Amino acid sequence: MVEQITNKDNKENIMKSFFYFSMAVLMVLSVSCKKAAPVPEPTVQLADCYLVKDRPVKGISWEYTPDKFRSGVLEWDNQGRLAAICLKSSETEGEDYLFTYLRDSMFFNMRMYDGSDEVNITNPVSVEGGYAKNFWTLISLNPEVYELALQCTFEDGHLVSKKYAESELPETFAWENGLLVSRTTHDGDTWYYTYTDKPAKGGIAALLLDEGPSAYSLASSYILGFCGIPLLPSKIEFQANGSTERRVEFTFNYETDSDSYVTSLTFHQRTLGDFEPSWTFTY
């Protein structure tokens, strides 16, 4: 009887020991798995001039020559940052810009395609204090070598200069009340900007500045912080270096919905004569 109890106790002790050993192994494995799990890379915190807090522009269509249109789709992430721009000239021709945000940098990949031909270019941009600082360009594939192509300086939340590597002097930007009022190129030419009292909702200002409406410059205009300009431009003027003449290059006319979002735009450009390109926007 004593022997039977002893054997039974031994079996129970063995079972208990095995149970506790198994639990200990599971706890170790659990801790090991937690330690081995990949930690997501923190994403860069961009300044307000990059972020769209209201409804962003998501679709564009524009007439680039009489009765010939191009279209584009814009994608934004849940932080209000631009994620992608996809522009099409036809079913087989277009450009895509894809944005990736890391802890202290961003990348935008340009993909240009025309039928069976395709080119992909990755552009790294370092970010300091929430603003785009240094732009790099690929100069060698094997080995991969990048060189500094452009440096930007921001003050009080606005771009004040950008300097290309091949230029001795920077382009400079002047601001008043959050509005870009002039841009002087490295060779001394100056562009002047005048505004309406209508709000530029949805980040639309990045489509209309730096020198006028352009879907193809949207990626760079966004990275330069033009997305946050609060009012719609009424005209853009140009004055050549050394000249006293300040001529009007662009004038703008808008249609808006009941919430003051621009739904369509026509503009007059001096060099296009009577042809006035039209744009439409969706949100």
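Predicted model, so just to flag it, every value in this text is computed and none were measured. (Residues numbered from 1 in each chain as written. Predicted model: local features only at pLDDT ≥ 70, side-chain atom pairs only at ≥ 80, totals over all residues. Heavy atoms only, no water.)

Asks: Can you walk me through the overall build of the protein in this structure?
Replies: Per the secondary structure count, the protein includes 3 helices and 16 strands. For the protein, buried positions account for 37% of its 283 residues. Nonlocal contacts in the protein, meaning residues at least 24 apart in sequence, comprise 40% of its contacts between residues at least 6 apart. (Helix = DSSP H or I, 4+ residues; strand = E, 2+ residues; numbered from the N terminus. Buried < 20%, exposed > 50% of the residue type's maximum accessible area, 1.4 Å probe, protein only. Contact = heavy atoms within 4.5 Å.)

Asks: I tried to follow the confidence of the model for the protein on my own but got confused; where do I start?
Replies: Low-pLDDT portions of the prediction should not be read for the details of their coordinates. Confidence in the prediction for the protein averages 86 pLDDT; 86% of positions are at 70 or higher. When the elements of the protein are averaged for pLDDT, helix H1 (residues 2-36) gives the smallest value, 43, and strand E10 (residues 171-176) the largest, 98. Every residue in residues 1-8 scores below 50 in pLDDT, and together they form 0 contacts with partners more than four places removed in sequence or on other chains. Per-residue pLDDT stays below 50 along residues 14-36; that stretch engages in 0 contacts with residues further than four places along the chain or on separate chains. (pLDDT = per-residue confidence, 0-100.)

Asks: Honestly, the environment of Arg-111 in this entry has me stumped. Any pointers?
Replies: On the secondary structure map, Arg-111 appears in strand E5 (residues 105-114). Judged by its relative accessible area of 26%, Arg-111 is partly exposed. For Arg-111 and Thr-122, which are 11 residues apart along the polypeptide, the C-alpha to C-alpha distance reads 8.7 Å. Setting aside residues up to four positions removed in sequence, Arg-111 forms contacts with Gly-94, Glu-95, Asp-96, Glu-118, Val-119 and Asn-120.

Asks: What's the story with the pattern of salt bridges in this structure? I'm lost.
Replies: Here the idea is simple: oppositely charged side chains can pair when their charged atoms come close. Tallied over the entire structure, the rule returns 13 salt bridges. Glu-91 is the partner of Lys-88 in a salt bridge, and the nearest nitrogen-oxygen pair spans 3.8 Å. Two residues, Asp-210 and Lys-162, come together in a salt bridge whose shortest N-O distance is 4.0 Å. On the criterion of sequence distance, the pair formed by Asp-210 in the loop between helix H2 (205-208) and helix H3 (218-223) and Lys-162 in strand E9 (residues 158-164) is long-range, its members being 48 residues apart. The residues Asp-210 and Lys-162 share a single accessibility class, namely buried. A network of salt bridges, in which partner residues are shared, links Lys-162, Glu-171, Arg-183 and Asp-210. (Salt bridge = Lys/Arg side-chain N within 4 Å of Asp/Glu carboxyl O.)

Asks: Where do I start with the packing of aromatic side chains in this structure?
Replies: Both the distance between ring centres and the angle between the ring planes are used here to describe each pair of aromatic rings. Taken as a whole, this structure holds 19 aromatic pairs when the rule is applied. Centre to centre, the rings of Phe-99 and Tyr-222 are 5.9 Å apart; their planes meet at 75°, and the pair counts as edge-to-face. With Phe-99 in strand E4 (residues 93-101) and Tyr-222 in helix H3, this pair connects stretches of sequence that are 123 residues apart. Here Phe-99 matches Tyr-222 in class, with each residue buried. Ring-pair connections join several aromatic residues into one group, and the members of that group are Tyr-50, Trp-76, Phe-99, Tyr-101, Phe-108, Tyr-131, Phe-154 and Tyr-222. Lying across the ring of Tyr-261, Arg-55 places its NZ or CZ 4.0 Å from the centre. The ring of Tyr-192 is capped by Arg-246, whose NZ or CZ atom sits 3.6 Å from the centre of that ring. (Phe/Tyr/Trp six-rings, centres within 6.5 Å; stacked < 30°, edge-to-face > 60°. Lys NZ or Arg CZ within 6 Å of the ring centre and 35° of its normal.)

Asks: What is the right way to read the side chain of Ser-105 from this model?
Replies: Within the secondary structure layout, Ser-105 lies in strand E5. If near-sequence neighbours (up to four positions away) are discounted, Ser-105 is found in contact with Val-44, Thr-100, Val-125, Ser-126 and Val-127.

Asks: Please explain the nonpolar core as it appears in this structure.
Replies: As a rule of thumb, nonpolar side chains are buried together in soluble globular proteins. By size, the foremost hydrophobic cluster in this structure holds 62 residues, and its most contacted members are Ile-60, Phe-99, Leu-207, Tyr-222, Phe-226, Ile-229 and Phe-281. Contacts of Tyr-222, omitting those with residues within four sequence positions, involve Leu-46, Tyr-50, Trp-76, Arg-81, Leu-82, Phe-99, Tyr-101, Ala-206 and Cys-227. (Core = buried A, V, L, I, M, F, W, Y, C linked by side-chain atoms within 4.5 Å.)

Asks: Just to check I follow, could you spell out the pairing of E4 for this structure?
Replies: Each regular strand carries side chains that alternate between the two faces of the sheet. Across 5 bridges, strand E3 (residues 82-88) lies against E4 in antiparallel orientation. By the bridge assignment, Ala-84 is partnered in E4 with Leu-98. Adjacent in sequence and paired antiparallel, E3 and E4 are bridged by 4 residues. Note that E4 and E5 share 9 bridges and pair antiparallel. Within the sheet, the bridge partner assigned to Glu-93 lies in E5 and is Asp-114. Where E4 hands over to E5, the hairpin turn is made up of 3 residues, counted between the paired strands. (Pairing = 2+ DSSP bridges.)

Asks: What is the right way to look at the pairing of E10 in this model?
Replies: Burial of E10 is one-sided: the residues Glu-171, Phe-173 and Trp-175 facing one way are buried, the residues Thr-172, Ala-174 and Glu-176 facing the other way are not. Across 5 bridges, E10 lies against strand E11 (residues 179-184) in antiparallel orientation. Paired with Thr-172 across the bridge in E11 is Thr-184. Where E10 hands over to E11, the hairpin turn is made up of 2 residues, of which Asn-177 adopts a positive phi near 55°.

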